[in-house]
Amino acid sequence: MRQHSISSIREGLLRKEFSAEELTREALEFAEKENPKTNAYLTFSAVRAIAAAEAVDRKIAAGEDPGPLAGVPVAVKDVIVTKGLRTTCGSKLLEHYIPPYDATAIKRLEAAGGVIIGKTNCDEFAMGSSNENSAFGPVRNPVALDRVPGGSSGGSAAAVAQGTAVVALGSDTGGSVRQPASFCGVVGVTPTYGRVSRYGLTAFASSLDHIGPFARSTGDAATLLAAIAGRDEMDATSAAAPVPNYVAALDGNVRGLKIGLPREYFSGLSAETGDRVHAAVEILKKLGCEARDISLPHTEYAIATYYIIATAEASANLARYDGVRYTTRSASTGTLTEMYRETRDEGFGAECKRRIMLGTYVLSAGYYDAYYLKGQKVRALIAKDYAEAFKQVDAIVAPVSPVPAFKLGEKVDDPVAMYLADIYTVTGDLAGIPCMSVPCGTTPDGLPVGLQILTRHFDETTMFRVADAYERAST
Amino acid sequence: MKITDQEVRRVAELASLALRDDEVEKMAEDLSNILTHIEKLNELDTSGVEPMAQVLFDAEETATLREDRERPSLTNEEALANAPVSGSGYFKVPRVIER
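Every chain's residues receive numbers from 1 upward, in the order its sequence appears when written. Lettering for chains starts from A, numbering for ligands starts from 1, and both go in the order in which the items are written. Only residues with pLDDT of 70 or above have their local features reported here, since the model is predicted, and side-chain atom pairs are shown and tallied only from 80 upward, although totals for entire chains, interfaces and linings are computed over all residues.

What counts as a helix is a DSSP run of H or I of at least four residues, what counts as a strand is a run of E of at least two, and both are numbered from the N terminus. Looking only at helices and strands, one finds three helices and two strands in chain B. Order of helices (α) and strands (β) in chain B, N terminus to C terminus: α-α-α-β-β. All radius of gyration figures rest on C-alpha atoms, and the globule criterion is 2.2 Å times the number of residues raised to 0.38. A compact globule built from 99 residues should have a C-alpha radius of gyration of about 13 Å, whereas chain B, at 23 Å, is more than 25% larger. In terms of principal-axis extent, the alpha carbons of chain B reach across some 55 × 50 × 25 Å.

Attention now goes to the interface of chain A and chain B. Here the contact rule is simple: place C-beta atoms from the backbone, and any two residues whose C-beta atoms are within 7 Å are in contact. Counting residues at the interface gives 53 residues for chain A and 39 residues for chain B. Sorting the residues of the side of chain A that touches chain B by element identifies α9 (302-317), α10 (336-347), α11 (350-363), α12 (369-392) and α13 (415-420) of chain A as the ones contributing at least two each. The leading source of residues in the side of chain A that touches chain B is α12(A), at ten residues. Following the grouping adopted for this structure description, the nonpolar residues are Ala, Val, Leu, Ile, Met, Phe, Trp, Tyr, Cys and Pro, the charged ones are Asp, Glu, Lys and Arg, and the polar ones are all others, Gly among them. Within the side of chain A that touches chain B, the residues separate by chemical class into 28 nonpolar, 13 polar and twelve charged.

Okay, α11(A) next. Each residue after the first adds 1.5 Å to the expected span of a helix. The first and last C-alpha atoms of α11(A) sit 20 Å apart over 14 residues, in line with the 20 Å expected at 1.5 Å per residue. Along α11(A), twelve of the 14 residues are buried, which leaves the element largely enclosed by surrounding structure. Any residue surrounded by 20 or more other C-beta atoms within 10 Å of its C-beta is treated as buried, while 12 or fewer makes it exposed and the intermediate range makes it partly exposed; C-beta atoms here are placed from the backbone. Turning to α11(A), its buried residues number three or more, namely Glu351(A), Cys352(A), Lys353(A), Arg354(A), Arg355(A), Ile356(A), Met357(A), Leu358(A), Gly359(A), Thr360(A), Tyr361(A) and Val362(A). Where α11(A) is buried, its residues touch α9, α12 and α13 of chain A together with α1 (5-14) and α2 (21-38) of chain B.

This next bit is on helix α7 (residues 218-228) of chain A. Residues and elements named next belong to chain A. Most of α7 is tucked away: eleven of the eleven residues are buried. Within α7, burial applies to Thr218, Gly219, Asp220, Ala221, Ala222, Thr223, Leu224, Leu225, Ala226, Ala227 and Ile228. Residue Gly230 follows α7 closely and has a positive phi angle near 115°.

Attention now goes to the pairing of strand β2 (residues 73-77) of chain A. Residue and element names in this part refer to chain A. Judged by how many residues are buried, β2 sits mostly within the fold: five of five residues are covered. Residue alternation in β2 divides its side chains into two sets, Pro73, Ala75 and Lys77 and Val74 and Val76, and both sets are buried. We treat two strands as partners when DSSP finds at least two bridges between them. Judged from the five bridges that link them, β2 and strand β3 (residues 115-120) form a sheet pairing that is parallel. For Ala75, the partnering residue across the bridge sits in β3 and is Gly118. As paired strands, β2 and strand β4 (residues 167-172) are joined by three bridges and run parallel to one another.

So, on to the environment of Gln376(A). Tracing the backbone shows Gln376(A) in helix α12. A tally of 20 C-beta atoms within 10 Å means that Gln376(A) is categorised as buried. Sequence-wise, Gln376(A) and Ala310(A) are 66 residues apart; in three dimensions their C-alpha atoms are separated by 11 Å. Contacts of Gln376(A), omitting those with residues within four sequence positions, involve Ile309(A), Pro51(B), Met52(B) and Ala53(B).

It is worth spelling out unusual backbone geometry at this point. All names here are of chain A. Between Gly151 and Ser152 the backbone carries a cis peptide bond, its omega angle lying at 5°. Structurally, Ser152 is set in the loop between β3 and α5 (154-162). Here Asn39, not a glycine, exhibits a phi torsion of approximately 60°, which is positive. Along the chain, Asn39 turns up in the loop between α2 (20-38) and β1 (41-44). By C-beta crowding, Asn39 is classed as buried, having 20 other C-beta atoms within 10 Å. Non-glycine residue Asn131 carries a positive phi angle of around 65°. Structurally, Asn131 is set in the loop between β3 and α5. Owing to 34 C-beta atoms within 10 Å, Asn131 belongs among the buried residues under this scheme.

As for its position among the elements, Arg276(A) is in helix α8 (residues 271-286). Taking the C-alpha atoms as reference points, Arg276(A) and Pro448(A), separated by 172 residues in sequence, lie 9.5 Å from one another.

Right, let's talk about the nonpolar core for a bit. Residues Val74(A), Val167(A) and Ile453(A) are the most contacted members of the largest nonpolar core, which totals 163 residues. It is α9(A) that provides the largest number of residues to this core, a total of ten residues. In this description, a nonpolar core means buried residues of the types Ala, Val, Leu, Ile, Met, Phe, Trp, Tyr and Cys, linked to one another by C-beta atoms lying within 7 Å.

Looking now at the pairing of strand β10 (residues 435-442) of chain A. All names here are of chain A. Where burial is concerned, most of β10 is hidden: six out of the eight residues are buried. The pairing of strand β5 (residues 187-190) with β10 spans three bridges and is classified as antiparallel. Considered in β10, the bridge of Gly188 is made with Ser437. Of the strand pairs in this sheet, β10 and strand β11 (residues 448-455) are connected by six bridges, and their pairing is antiparallel. Counted as the bridge partner of Cys435 is Leu454 from β11. Here β10 folds back onto β11, and the loop between the two strands holds five residues, one of which, Gly446, carries a positive phi near 85°.

In C-alpha cells:
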C-alpha cells in the first residue's frame, strides 16, 4: 500500500493485476494492523469500503470508466459527515453520532471511484495544532512516534504518511491541512475559499473553513481536488468558477515564473527549517523561476485577527451542541438551561471551551467594535497585502511552520504559544487564497519540513505546477 | 488586558457553559493572555478600512439562489435517530412549563 499512487492503482486494476476488492481488503487489514502505533483512525468502514470497491470492479468488468479515483483507499477526517458511518469530530459529545447524510465531497469522492476505508482522528471540532485535543487520544507522528503529527487534521496526515491510505481528506481553517502535512512529510492542499463545497463539513469558522486533500505527491493531491471541487447548490459559498484539468498542466516547466519570498516569513524561523526552505528556493531558481523579495506588512497581526474571527464564528457554530438533537446529554437532572450548560461543560474539551469563551467575549455587548469589527478590518488589510504582492509575482513561497514536529505534551499547557506557531498558515485562510505544503526535506534529526506555496484566488494550477516541478527536481 | 473571574462567569453564562470553579480561574488567565496579544491590533489605524465581511463575492447577490422547489428531506425517524432522548416523534427536553 505504501508504494501505491492513484495512477499505479488505476494501471493495476485495468491490467487485472488485482481487483479493487482485493486491494481494499489489503488496505483495511494493513490500516487496522498499523493503527495502534499512531491512533490515526477512529473508525474503520469495511462494509462501505468493500461495497464501493465492488462497484469499481463491476464497472471495470463491464468495460466502463471506473473514475479518476478508481479503487483508491481514502481516509477521511472525522469532521466530514458520512451517512451511516460514525462521525465524532474528535468530541465526546458526538461519540455515538451516526450522520443521516453524506457531505458533498464524500459523494463526489465515491462517485469518482474512491474507497473510504476509515475516519481519522483530529483535534476536537478541528481546534488545535497538535492533535492533542482529541477526546479519543492524541495521534502519533509516524515519522517519529514521540512527536505530534500536527493538527488539526493529524490523523489524515499520519494515515497518508504511514501508507495506510493513498490519499486523505482534511479540513483547514487556520493551517489544519498544511501544518500536519509539513510535520508528517506529505503533500497537503488548502484550495481557494469556495472551491470545494463545505456541505457536510462540520462548521468551525464558516468564513475560513476549507476541505482539502492530502497525498504523497502533488499529482495525486491535484487529482483528488479536481474530483471534489466545483459548484454545489447545497453550499451557497461554493464557487461557480470552472475547475481546470490540474494534472494536465503538470509538465515540470516553471521557467520564467515569478516567485515572491515574503521577508516577514523568514524572520523568527528555526534554522533547521529555514535551511530546508532556502534550499528549496534555490532549486526553484535553478528551474528558471525568478525569485523576488516581497513584503506582506500585516503578517504580524494575523494571529490576533485569526483568533478573533475564528473564535467568534466558532462560538456561534458550536451553539448547536446542546444535548437535544445529536449530542450526548449530561446525566445530571435539572432545568433545560442547566441541562444545556452541564452537557456542554462535560462534553467539550478545554480548547473548545477556551475558543467558545473567547468568541463569546469578543462578540458580547460593548466589545463587538473593539474586537470583531476591528478583526474584520485587519483581515481586509491582510488580504490586500496578498493582492498587492500578486501584482508583482505569480506565486509566493514560504515556510509552513516556524518549527518541525514537536514532542507530545511539549506545548499543551501554553495555548498562546501554540496559537503563535500558526503564524505562517492563518494568513492564507484569512485571504481565502489557495495554498499548500509540499515536503522539502528533513532536519538533521530527520523531521520533515514543508515548503508552502500560495497563489492568486482560483489559481491552484500555478500552485500545483510549482510544487510538482520542485518534486521532480528534488527526487 | 485582565479578565476577572466575574467576567468569565458572565461570558460562560452567555455561552451556556457551566464552568467549575477551577476552570474559571484557568480560563481567566488564558483569556487574559490571549486578549493581551490581541491588543496588538490597536497599533493599526483602521479608520477608513472596509471590514472584510465576505471572503469572495464578486457575483450578484442573488447569484447563488436556487429554484424554490419541494425536495425530500430527512424523515422524522432519521431526524430523531441521534437524539439522546426522544418520543412520540419529538425531541424530549426537561420540562420548561410547570402545570
